[in-house]
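Letter by letter, the chains look like this.
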Number of protein chains: 4
Amino acid sequence: MRVLILGNGVMSNILKDVVINSSDTFVDMIDTKENIECDLDFDVIIDFSNHLATKKVVDFAIMKNKPLLIATTGQTEDEIKYIEKAKEKLNILKISNTSLGVYVMNEIVKLASSILEDFDVAVEEIHHTRKLDSPSGTALTLIENIKKSNENKEVQVNSLRLSNISGIHKVIFSAEDEILEIKHTAISRKIFALGAIKYARKMLD
Amino acid sequence: MRVLILGNGVMSNILKDVVINSSDTFVDMIDTKENIECDLDFDVIIDFSNHLATKKVVDFAIMKNKPLLIATTGQTEDEIKYIEKAKEKLNILKISNTSLGVYVMNEIVKLASSILEDFDVAVEEIHHTRKLDSPSGTALTLIENIKKSNENKEVQVNSLRLSNISGIHKVIFSAEDEILEIKHTAISRKIFALGAIKYARKMLD
Amino acid sequence: MRVLILGNGVMSNILKDVVINSSDTFVDMIDTKENIECDLDFDVIIDFSNHLATKKVVDFAIMKNKPLLIATTGQTEDEIKYIEKAKEKLNILKISNTSLGVYVMNEIVKLASSILEDFDVAVEEIHHTRKLDSPSGTALTLIENIKKSNENKEVQVNSLRLSNISGIHKVIFSAEDEILEIKHTAISRKIFALGAIKYARKMLD
Amino acid sequence: MRVLILGNGVMSNILKDVVINSSDTFVDMIDTKENIECDLDFDVIIDFSNHLATKKVVDFAIMKNKPLLIATTGQTEDEIKYIEKAKEKLNILKISNTSLGVYVMNEIVKLASSILEDFDVAVEEIHHTRKLDSPSGTALTLIENIKKSNENKEVQVNSLRLSNISGIHKVIFSAEDEILEIKHTAISRKIFALGAIKYARKMLD
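Residues numbered from 1 in each chain as written. Chains lettered and ligands numbered in written order. Predicted model: local features only at pLDDT ≥ 70, side-chain atom pairs only at ≥ 80, totals over all residues. Heavy atoms only, no water.

With an unreviewed UniProt entry as reference, chain A is termed 4-hydroxy-tetrahydrodipicolinate reductase, source organism Oceanivirga miroungae. Of the comments in the UniProt record for chain A, the one headed Sequence similarities (unreviewed entry) reads "Belongs to the DapB family." (UniProt positions renumbered as here; feature names shortened; annotations may be inferred.)

J.: I'm lost on the relation of the copies chain C and chain D in this one. Help?
T.: Each of the two chain copies can be generated from the other by rotation about an axis followed by a shift along it. Note on the identical chains: chain C maps onto chain D by a rotation of 180° and an axial translation of 0.1 Å, with an RMSD of 0.1 Å. Taken together, the rotation and translation describe the operation of a two-fold axis. Across chain C, the rotation axis passes nearest the C-alpha of Ile182 of chain C, at a separation of 2.3 Å. Here 100% of the contact residues of chain C are again contact residues in chain D; the copies associate through an equivalent surface. (Least-squares fit on C-alpha atoms with pLDDT ≥ 70 in both. Contact = heavy atoms within 4.5 Å.)

J.: Could you clarify how one ought to interpret the sheet that holds strand β6 (residues 120-127) of chain D in this entry?
T.: Neighbouring strands of a sheet are bound in pairs by backbone hydrogen bonds; such pairs are parallel or else antiparallel. Here eight strands make up an open sheet; going across it, the order is β7(C)-β6(C)-β8(C)-β9(C)-β9(D)-β8(D)-β6(D)-β7(D) and the pairing mixed. Here the strands that pair on one side only, and so sit at the sheet edges, are β7 (155-161) of chain C together with β7 (155-161) of chain D. Each neighbouring strand pair of the sheet contributes to a mean axis angle of 15°, computed without reference to strand direction. Relative to strand β9 (residues 178-186) of chain D, strand β8 (residues 168-175) of chain D runs antiparallel, the two being bridged by eight bridges. Note that in β9 of chain D the partner of His169 of chain D across the bridge is His184 of chain D. Those strands touched by helix α5 (residues 137-146) of chain C are β6 (120-127), β7 and β8 (168-175) of chain C, and its axis lies near 165° from that of β6 of chain C. (Pairing = 2+ DSSP bridges. Helix = DSSP H or I, 4+ residues; strand = E, 2+ residues; numbered from the N terminus. Axes fitted to C-alpha atoms, helices over the stretch in contact; angles between N-to-C directions.)

J.: Explanation requested: the UniProt feature "domain: Dihydrodipicolinate reductase N-terminal" (unreviewed entry) in chain A in the structure shown.
T.: Taking the UniProt record as the reference, the feature "domain: Dihydrodipicolinate reductase N-terminal" (unreviewed entry) is found at residues 29-97 of chain A. Taken end to end, residues 29-97 of chain A has its terminal C-alpha atoms 20 Å apart, with 30% of it in helix and 17% in strand.

J.: I would appreciate a short explanation of α5 of chain C in the present structure.
T.: Think of an α-helix as turning once every 3.6 residues; residues three or four places apart then point the same way. Residue and element names in this part refer to chain C. Of the residues making up α5, those classed as buried are Thr138, Ala139, Leu142, Ile143, Asn145 and Ile146. The buried side chains of α5 occupy one side of the element, clustering within an arc of 160° when seen end-on. Where the residues of α5 are buried, they touch α4 (100-115), β6, β7 and β8. (Buried < 20%, exposed > 50% of the residue type's maximum accessible area, 1.4 Å probe, protein only. Arc of directions from axis to C-beta.)

J.: Any chance you could explain the packing of helix α2 (residues 54-64) of chain C against helix α3 (residues 77-86) of chain C here in plain terms?
T.: Describing two packed helices takes the angle between their axes plus the distance from one axis to the other. All names here are of chain C. One way to put it is that α2 packs onto α3 with a least axis distance of 9 Å and a crossing angle of 10°. Relative to α3, the element α2 is oriented roughly parallel. Across from Thr54, Lys55, Val58, Asp59 and Ile62 in α2, the residues of α3 making contact are Asp78, Glu79, Tyr82, Ile83 and Ala86. Partitioning the contact of α2 with α3 into residue classes produces five nonpolar, one polar and four charged. (Parallel < 35°, antiparallel > 145°, perpendicular 65-115°, else oblique. Nonpolar A, V, L, I, M, F, W, Y, C, P; charged D, E, K, R; others polar.)

J.: Looking at this structure, I do not really get unusual backbone geometry. What am I missing?
T.: Leave glycine aside and you will find that most residues have negative phi; peptide bonds, for their part, are mostly trans. The amide bond that connects Ser134 of chain A to the next residue, Pro135 of chain A, takes the cis arrangement and shows omega of 0°. Relative to the elements of secondary structure, Pro135 of chain A occurs in the loop between β6 (120-127) and α5 (137-146). We note that Asn65 of chain A has phi near 55°; this positive angle belongs to a residue other than glycine. In this fold, Asn65 of chain A is placed in the loop between α2 (54-64) and β4 (68-70). According to the relative accessible area criterion, Asn65 of chain A is exposed, its value standing at 55%. At Ser163 of chain D, a position not held by glycine, the phi torsion is positive, near 35°.

J.: Which parts of the structure should I look at to understand the pattern of salt bridges?
T.: Once their charged atoms are close, side chains differing in charge can pair, the charge on each being opposite to the other. Residues and elements named next belong to chain A. Counted under the stated rule, the structure contains 41 salt bridges over all chains. Lys110 is the salt-bridge partner of Glu107, the closest N and O atoms lying 3.2 Å from each other. In this pair, Glu107 and Lys110 are both assigned in helix α4 (residues 100-115), three residues apart and thus about one turn of the helix distant. Owing to a relative accessible area of 24%, Glu107 belongs among the partly exposed residues under this scheme. Looking at Lys110, the relative accessible area reads 28%, which means it is partly exposed. Between Lys131 and Asp133 there is a salt bridge, with its nearest N and O atoms 3.2 Å apart. The partly exposed category is assigned to Asp133, whose relative accessible area is 37%. (Salt bridge = Lys/Arg side-chain N within 4 Å of Asp/Glu carboxyl O.)

Printed below as a string of C-alpha cells:
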C-alpha cells in the first residue's frame, strides 16, 4: 500500500515514521497550507492536517480519484456536509480517533448501552494540558454512541487536563450495587498512526 | 410475575427480600434438601439452591410445566446433560452469574476479543477471603469467551483474596502503546438477585 | 468502652448496630432535637446527629465531662468557634470523614504534595445521586491538604453523581510520563461507624 | 550541574538525551566494561551501567572524590557491603527506582501500613513481556516497606506480563467495606532519567 500523507504536524510525522518502518510504502508528506499537489503514484490518502483544509483535501482526493481517510477533527457543519456530498463519488472515511482500542471501545459502548438501559452513565477523559477542546472529540463520539439506543439518556461528562497524558477515556455504567467500567489508555500517539494504517488498508480491500 | 424460589441459603433470602420489595409477587421459598412440593400458583421458578439438587429441581419444573432459571454453579457433566435434555420439553435457562453487568461484560469481551486479535489479554479477579475456588467461576467464563474467537489465545489470570470484597473482575487487553480495560464491580450480592429477576421476566416474554 | 450515640438518623443507627455487635457496650441513642439527657454511665460520646445541634451537644459533653467525637459536617463559623473554645476544657475531636481509609488518604496526600511539587493535581469523586453538595466535603478536605505545602497550587476537581455509590475519592498526581493515583472506595456506610469507634478509642487512650 | 554518565545501555542513552535537553551539562557517557577514565571536569556521577561494575564504579568515584548516584539493581551482598563501606568516605546514594513517583509511593506505603494494621494488603505489577524477573524489583521494595511496621504481615503479590508496558505498580489495602489503592504508572522510561537528575541535584545541595 503506497501512502500519501497530508499535513506536516506532529501526527503526520509520527505516521511518516510508522509507514517507513512498515511493509507499506511512504510516498510523500504534503503541507495543506499551500496548494495540494502530488505527481507521484499512491493508493490511499491519510489526512492528519487540520479541519480548515478539509475542502481542499476532499477536492484533491476527488481529482486523483483515490480513497481518503480523514483523521482530523473539529470540522464545521459546512465542512461535514462537504465530506458527505463527496462520499457519493469517492471512498471517504472520517474517523475522530484512529486507535484500534478506541474503535472497539465505541462498539462495546453501543452494545452495553443497548442492554444497560437503567444504568446511570458517565464519561471521563484526561488529556495533556495543551489540548484546547474539552470534552475531547473522542468523548463526544462515545456519548453519541451511548445515546444511540436512547437519545434522551443523560450522560455526565468530566474532563481533566494534566501534564502530557496522551489520552485516557473511561465510560462508567452504574446501577444499584454494581459498576461496569470501560477504560482506554493511549500510552503514545503512535497508536493513532498504526490505527490509521489499518483503516486505510480496510478501505482498499 | 409470581416467583417461586428454590433453596434457602444466603442468595435465596436476598432474592426473597428483593421480590417482596418489588412489583413482583413472592410465592414461596422451598428448601431443596427435602422433596420439592408447592400447591400455590406461580409463573416462574428461580433456583439458588445447590447443584446437587439440579435433577430434583428440573423434575419439579417439568411436572409443574413452568419456566426454570437455574442460578447455581458447579454442576457435574451428568447434571449438565440432564438440564440439556430437559430443555427439549421446558423453558430452562442456566446462568453462572446473574448480574446484568457481568452478562454485558461477557458480551463485550467476546466482541473485543474477536477484533483485538493481536492484543495480549489478562483477567484479574478479587473476592473475599472466604471464597475457596480460584480463579472464580466468572473469571473462567470470561476466559472461555475470550477464547471463543481464538481457542489458542493465551490468557493470563490473577486472583486476590481480600477482606469482604463481593467480586471485582477486570479484563485487560494490551497492545503496543494502548490498553483497553473492562472492569465489573459487584458492590453487594443483591445484584445477583436483581439480575435473576430480569432474566426470569425475559423468559416469560 | 461504653458508647453514647447522639442523633437518630441513618448513620447513628448503623453505629448502634456496629457497637452492639462489638466488644464495646452500647449505652443509648439520643435524639438531639429534644433536650439531651442521659442518667446512664458512659465513657465517650459519638455525635452523628446534625451540625444544628452542635452547641447543645458540646454543652451536654461539658456537663458530663466526657470525651466527645463530633462526626457531623457543615458547621457554621459560629459553631466551629464554639467547638474550639470548648476544647480548652474538654477532650473534643471533630472529623469530617471517620473512615480510617480516608484519614490515611489525607495523610498520604499531604506527604505526596509536599514532595511532588511540580506535578499537576486533580481530585475526582463519585457519590450517589441523592448527594446534594458537590464537590463532597471529603474532596474539599483533600484539596485543603494538597494545598498545605503550596497554597497557590491549582487543583482540578471533578464530581459525578451515579446510582447509589457510597463514596469514591481519587487524587491524581501527574507529571511528564508518570502518574500517581490514590483512590479510596467506601463500599458501605458501615466504615464510617467502624472508624468512629476507632477514633473514640484513641481519645480514651 | 555537570553530569558524568556511566554505562552505555538504553537507560544511559535516555539519560544522556535528557541532560542534553536540560539546563544541566552533559560531560561524557562511559562504558564500564573497560577501565573507567575521564579527564573532564564534572560535579556528579550517575551510574546506569550494571551491578557487575559496582566496585569499579565506586573506586572511580572515590578517586575523583565526586558524589555518586547508583541507579543499577541486582547487587550481590558483597557489592552492597562495598558500597556501604565507601559511604564512610564518599557521598553515595543507591536507588532501585529513580522515578520520583515510585519514591513517593514507597513513603506513602510505609505510612499507610503503619496505620492500616488490620487491612489485607496486596501488590499488583504489570510490565512488558521482555521483563524476566517477577515480581519486579520495585514490587519487592514495596513489600519490604509494607512489612516495615509488621514483619509478619502477609502480602499477596500478582504479576502480569503484557505487551510493552513500562511499569504499573499498585498497592491495595482492603478492609471490611473500604479499599485504599495506591497506583503508579510509568508511561515511559524517561522518568527514571528525570528522577535520577533530581536525586543527583539533591546530593549536591
